[in-house]
Every structure is written in structure tokens, then in C-alpha cells.
Amino acid sequence: MNGTEARAILELLEGNARLAAEEVGRMLGLDGSEVGAKIRELEERRIIIKYQTLVNWERFGDEKVSALIEVRVAPQRDVGFDAVAERIYRYPEVTGVRLMSGAYDLAVFVEGSSLKEVSLFVATKLSTLEDVLSTTTHFVLRSYKHEGVILDDGEADRRLVVAP
Amino acid sequence: MKNDGWRDYLNPVVRDMPPSGIRRFFDLASEMAGVISLGVGEPDFVTPWHVREACIWALEKGYTMYTSNQGLPELRNEIARNLAGRSGLQYDTQKEILVTVGSSEALDLALRAVVVPGDEVVIPEPCYVSYGPVSQFSGGVPVYVPTSVADNFQVTAARVEKALSPRSKVLVLCYPNNPTGAVMEKKNLWELAELAQARDLIVVSDEIYDNLVYGAPHTPLAAIPGMRDRTILINGLSKAYAMTGWRLGYAAGNPAFIEAMTKIHQYTMLCAPITAQMAAIEALKSGGAAVARMVGQYDRRRRLVVRSFNDMGLYCFEPKGAFYAFPDVSATGLTSEEFAERLLLEEKVAVVPGGAFGPSGQGFVRCAYAASMEDLSEALKRIARFVRRVSSGRPGREPLAAGR
Ligand SMILES: Cc1ncc(COP(=O)(O)O)c(C=O)c1O
């Protein structure tokens, strides 16, 4: 199997994790078992990391609070930002950590069940870390698009049933 | 006077023209709820956002007036650039390109510009439903040339030649083809070009699916030596750019043809809508990536559909273009009309009976795979169930075996 075919498998699964290897094979003109083997290999190499479901919790009725926290840190000798990033991403409240260029260093995404809970986490856990110089918290008011997916209802199929 | 009496006033050519076979099926399907439709000859994608945005911008800026009859100069430039970039075809933007209301209008203009009552218009079938009727509206006589699955629905010079008479004037070609998805093999295309030159035929070449190919790149007929000036190239943005409702197409050809077509267009249409023209400029300028993305998706669906039909025991030749698969359903013992009708009523999947596209389409159905992967998978499951049921109910017959 060549790189283009492997990329096509990844693209298909990235769009819909529930596709069976057999179906992927049909779409790409490949043998289902060959595709299955490739998928296992991609999983082992952690190129495929995890199969997740994108949930709109707000629509389900849950009131989750999330925030983007700009963190400025003092990089350490040898390990740079990695050590402090690890200290931060170990917390289960933290859903994402990215090293950024620009005015701050780490973009930290935190989720909690209330404003108070998230604020408290920032005040007591994040800003007290030794190498953290400052934090600025921005609460998310509404999520429109996530990981390339528009969370709205999208555009209905308005085509006629039969057309030339 | 009874209402029907008014029919006596009608032009008999119009009065006696049967409505499109597709239309009849549409009436049946549109009354049902929960139908998954593979009967739609248009992309399931919405027009790429950057193109829609260009139109919104144009409206905000007040682009709401007529354009020149031939279309906005910038659009004609983009069309010329596009044709040159993809196939090396050179057309003069002043004299050799006309922007029309869909390729449908371009087709009508082309045939009206050259057909004189009594002229024969040679049309390979199965084919898109309008070639014959449009020829007849200008007094032409359609002469259909059958193609067959045994030749992968190739139009061959030998078959066309058999249909020629001293009154033959126009050959209508459509590749990639609706409804079969066939593209023309090089050899056959060159032989057709030679025949057209030897027998002095004008070719109206409907290449609206030219971007949607899944193997060798498309060769426009006009790119074959000796063919440029006897070919009226018909194209449009409907299919490749997912812009069916915008109604934007174009014709390219020698100045005599384009001038004549422009004359008719000027008196009957004035110009294509400016909003669509503004959007088309954006599409042709920077829509390449979006087209490539859609083509990639169609290709996956195409493979899925073709493989699935063959696994059901319904032979489906590999379509190399457009977004149609054309499986042979005769192994079920049903005609294509029966197959389509029962499939719709029993499983709520709409396909179009092949006979709607000409007698050689009998025994086949057209399945457009311009549908979401989810719908397509579900539709294929339902079709497989239907085929199993139908074939196991056939007395004295083994259930269909896979493959053929
Ligand atoms: C082969 C062919 N030609 C022309 C057309 C008409 O397209 P347009 O939207 O450009 O009028 C279609 C539409 O289904 C088609 O399939």
C-alpha cells in the first residue's frame, strides 16, 4: 500500500471513525483485510491516536464552562517549555495545551462545571506553578466550529428528488 | 371551447413532444417521504463558500444590471484561461466565447444556430434527455445511435457512420457521459474526429463533466487536430463547481458560430444573470482546490457504488467520469422501469430507469453517487436487500450469484 492510499484511509477515518475497514476498502478500491492491517499498523504507530465522538453537550443540556488561558512562563534550561507544559497538561481539568508564538507562551484550554470552578483552578493550580509568570483567562461564550466541524445544523439537502 | 381545444393551436412539434421520462419518475418520487435519492443529476455539495461570498459581495456593491450580451469580459477571460490551462485550447475572448444561462442554453443556441428543418442530428444514446427534443424544436430530425455496455458505452465511428445520410449535419457528443459515466477512449475519439471531418459534420460537444474524471485527464474534442473550428464546445459551472441553480454555462467555438449563437441569445435572453457571472469569475479564478476536493470524494463513492453493485450480482461497468453509475439490472428479471418503481415503493430509494435516456438504456438504471457517504451506504444496503428479495422470488432460478 502506498502513501496516498494510507493518507486516504486516514482522511476517511478522520471524517467518520465508525467506518469499517471493509467499507473503507470499498471506497478506495482496496482489499478490506489489507485496509484492516494498515489501520492496525497506524494505530500501533500512534498515527491514529484515538477514536472519539464529537458531542454537542450544550444541546444535550449540560452547562459546561470552558476557558482559554494565556499563560506566560519562564522557560527552563534544557527542557524549554516542555517541562512546564507537562506539569500543566497532567491536570484532568486541562483539555488542551499548545505552545504559541507571540505575546504569551502556552494556550491552555480548561473545562469545568462552573465559572467558579474554572477560576479557582486557574488561581490555585495554574498561576501558582513555579515557572508560570502570569495568566489571562478568557471564558468561552459560545462554540461555533470545532475541529473543522460547524456545530450548527448546517445546510439541508434542498435538491429535488429526481433531476436530469 | 373545451379547454383541450386550445391544444389545437399549439405547434405540433411542441404539442406532441413527450415530457421527459425523468419528469414522470420525479412526480412519483417527490410524493414520498424518507426517500434516499440517487436520482439527482447534480452535486450534493453546496457551492463552495468563497464563490457564494463573491456573489454576496457583488450584490452589496450593486452589481445588479445587464451585462454585455456575450457576458462580462473578465468572465470570458477566465473561461479562456481555464480552457487554455487545462487543455491548451486557445479561444479569442472577444469573438469565440459566449456566456449563457446554463450549458442548457448554450446547447439550444448551438443547435438552433446550425440546424435547418430536415437536417439530421446524430445523437449517440443513452444520453442526456434534451439533445433530441432541442433538435426537434428547430425542425431537426434526431437520429439516435445506440451504444452498448459490451463496448463500455463507447461511441464508435463505425456505429455513427452507419447512421449517416446526406442530411446528417450535426453530431452531438457528451463525454464524460450522462447517464453512463463513460469517457471516450482516445482511439475512438480520434476516429470520430476523422469521421466528422470526412463527412463534414459539425460536432456539438457537451463536456460539462470534463472536470469530473477519475483516470486519464479529459481530452476536449476541439483539441484534436482539425476539430477546433467544427466543434462547438459546450460547458458550464453547474457540475464541477456545484453551481446548478446559478444557471451559468458557456459555449466556445469559431467566430461564425459564436456570432450566430450570440444573435439568438441577444434576442431571447439578453445576458446571463450578473450575480451568477460574478460568482463564476471567482469560481474559475480560485475554485480549483474545491473542485479537486469534490472530485476526490466522488471517486471514493464511485468505487463503493460500483463494487457494491457488482457484489450484488448486477454488472456495473466502471464509469471513469461524471457522477453516475449505470448498473445492468436485467439479471433481476425486471425491466428498468419495474426495477426503479419497485425499488422506490418497497425500499424508498430513487434511481432513474435507463430507458429514460434512450432505448439502449433499457435494462439499466442510473444511480447518481452525488450523495453523502451515509446516504449512499444506506441506499446500497436497501438495494442489496431488494435485489436479494426480487431474485429469490423468481421461480426456477438460483438467487443471483456475486460477480459476472
Ligand atoms: C450532459 C449534460 N449536459 C447539460 C446539462 C445541463 O446543465 P446546465 O445546468 O449547465 O444547464 C446536464 C445537466 O444535468 C447534463 O447532464
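Residues numbered from 1 in each chain as written. Chains lettered and ligands numbered in written order. Predicted model: local features only at pLDDT ≥ 70, side-chain atom pairs only at ≥ 80, totals over all residues. Heavy atoms only, no water.

J.: Please set out the overall build of chain B residue by residue, giving values where relevant.
T.: Counting its secondary structure elements, chain B contains 13 helices and 12 strands. Its C-alpha radius of gyration of 21 Å places chain B within 12% of the 22 Å reference for a compact globule of 404 residues. Along the three orthogonal principal directions, the C-alpha set of chain B runs to about 65 × 60 × 50 Å. Counting every position in chain B, which comprises 404 residues, the buried fraction comes to 58%. Sequence-distant contacts in chain B: of pairs separated by 6 or more residues, those separated by 24 or more amount to 77%. Positive and negative charge centroids in chain B, built from 43 and 43 side chains respectively, lie 2 Å apart. (Helix = DSSP H or I, 4+ residues; strand = E, 2+ residues; numbered from the N terminus. Rg over C-alpha atoms; globule rule 2.2 N^0.38 Å. Buried < 20%, exposed > 50% of the residue type's maximum accessible area, 1.4 Å probe, protein only. Contact = heavy atoms within 4.5 Å. Lys, Arg positive; Asp, Glu negative; His and termini not counted. Charge placed at Lys NZ, Arg CZ, Asp CG, Glu CD.)

J.: A description of the site of the ligand should follow, citing residues and the corresponding values.
T.: By nearness alone, 14 residues border the ligand, and S103, S104, D206, S238 and K239 of chain B come closest of all. The site occupied by the ligand is bordered by residues of chains A and B. Side-chain polar atom of N178 of chain B to an oxygen atom of the ligand: 2.7 Å apart, as the coordinates give it. In this structure, an oxygen atom belonging to the ligand sits 2.7 Å away from a side-chain N or O atom of R247 of chain B. For the ligand, whose free accessible area comes to 400 Å², the fraction covered by protein is 96%. (Near = heavy atom within 4 Å. Polar contact = N/O pair within 3.5 Å; in protein donor to acceptor, adjacent residues only side chain to side chain. Areas by Shrake-Rupley, 256 points an atom, 1.4 Å probe, with all protein chains shown as cover.)

J.: How would you sum up empty space enclosed by the protein? Please name residues and give values.
T.: Residue and element names in this part refer to chain B. Counted according to the given criterion, the structure contains 2 cavities of 30 Å³ or more. Approximately 130 Å³ is the volume found for the largest cavity. Lining of the largest cavity is provided by 19 residues; of these, P124, P126, V155, C174 and N177 occupy positions nearest its centre. Residue assignment for the lining of the largest cavity shows that the elements contributing at least two residues are β3 (120–125) and β5 (168–174). Counted by class, the lining of the largest cavity contains 14 nonpolar, 4 polar and 1 charged residues. The wall of the second largest cavity is formed by N82, R86, I208, D210, N211, N235, G236, L237, A240, Y241, Y250 and L284. If you list the elements that add at least two residues to the lining of the second largest cavity, you get α4 (73–87) and β7 (231–236). Grouping the amino acids of the lining of the second largest cavity by side-chain chemistry returns 6 nonpolar, 4 polar and 2 charged. (1 Å grid on protein atoms, 1.4 Å probe; cavity = no way out; pocket = protein on both sides within 12 Å on 5 of 7 lines; lining within 4 Å. Points joined across faces, edges and corners; volume = space filled by probe spheres on them. Nonpolar A, V, L, I, M, F, W, Y, C, P; charged D, E, K, R; others polar.)

J.: Break down the domain arrangement of chain A for me, citing the residues and quoting the values.
T.: Taken as a whole, chain A is organised into domain 1 (3–44) and domain 2 (60–146). Computed from C-alpha coordinates alone, the two centres of domain 1 of chain A and domain 2 of chain A are separated by 35 Å. (Domains from an automatic or database assignment.)

J.: Residue-level account of the nonpolar core, with values.
T.: Residue and element names in this part refer to chain B. Core analysis: the largest hydrophobic core is formed by 98 residues, its most contacted members being L38, L75, L237, F309, F339 and I383. In contact with F339, other than residues within four places in its own chain, are L314, V329, T332, L334, V365, I383, F386 and V387. Judged by nonpolar contacts, the second largest core, of 26 residues, contains V114, V115, I123 and I234. (Core = buried A, V, L, I, M, F, W, Y, C linked by side-chain atoms within 4.5 Å.)

J.: Any details on the sheet that holds strand β4 (residues 141–146) of chain B? Residues and values, ideally.
T.: Residues and elements named next belong to chain B. Taken in spatial order, the 7 strands line up as β2-β8-β7-β6-β5-β3-β4 in an open sheet, and their pairing is mixed. The sheet is open, and its two edges are formed by β2 (97–100) and β4, each paired on a single side. Strand-to-strand twist in this sheet, taken as the mean axis angle between neighbours without regard to direction, amounts to 20°. Of the strands in this sheet, β2, β6 (202–206), β7 and β8 (249–252) are in contact with helix α9 (residues 255–268), which crosses β2 at around 30°. (Pairing = 2+ DSSP bridges. Axes fitted to C-alpha atoms, helices over the stretch in contact; angles between N-to-C directions.)

J.: So what's going on with the pairing of β6 of chain B? Which residues, and what values?
T.: Residue and element names in this part refer to chain B. In terms of burial, β6 is a largely internal element, 5 of the 5 residues being buried. Side chains of β6 alternate between two faces, with I202, V204 and D206 and V203 and S205 buried alike. When β5 meets β6, the two strands line up parallel, connected through 5 bridges. Looking at β6, one finds that V170 is bridged to I202. In this fold, the crossover linking β5 to β6 by way of helix α8 (residues 186–198) has right-handed handedness. In this structure, β6 lies alongside β7, joined through 4 bridges in parallel fashion. Its bridge partner being in β7, S205 is matched across the sheet by L233. (Right-handed = clockwise from strand over helix to strand, strands pointing away.)

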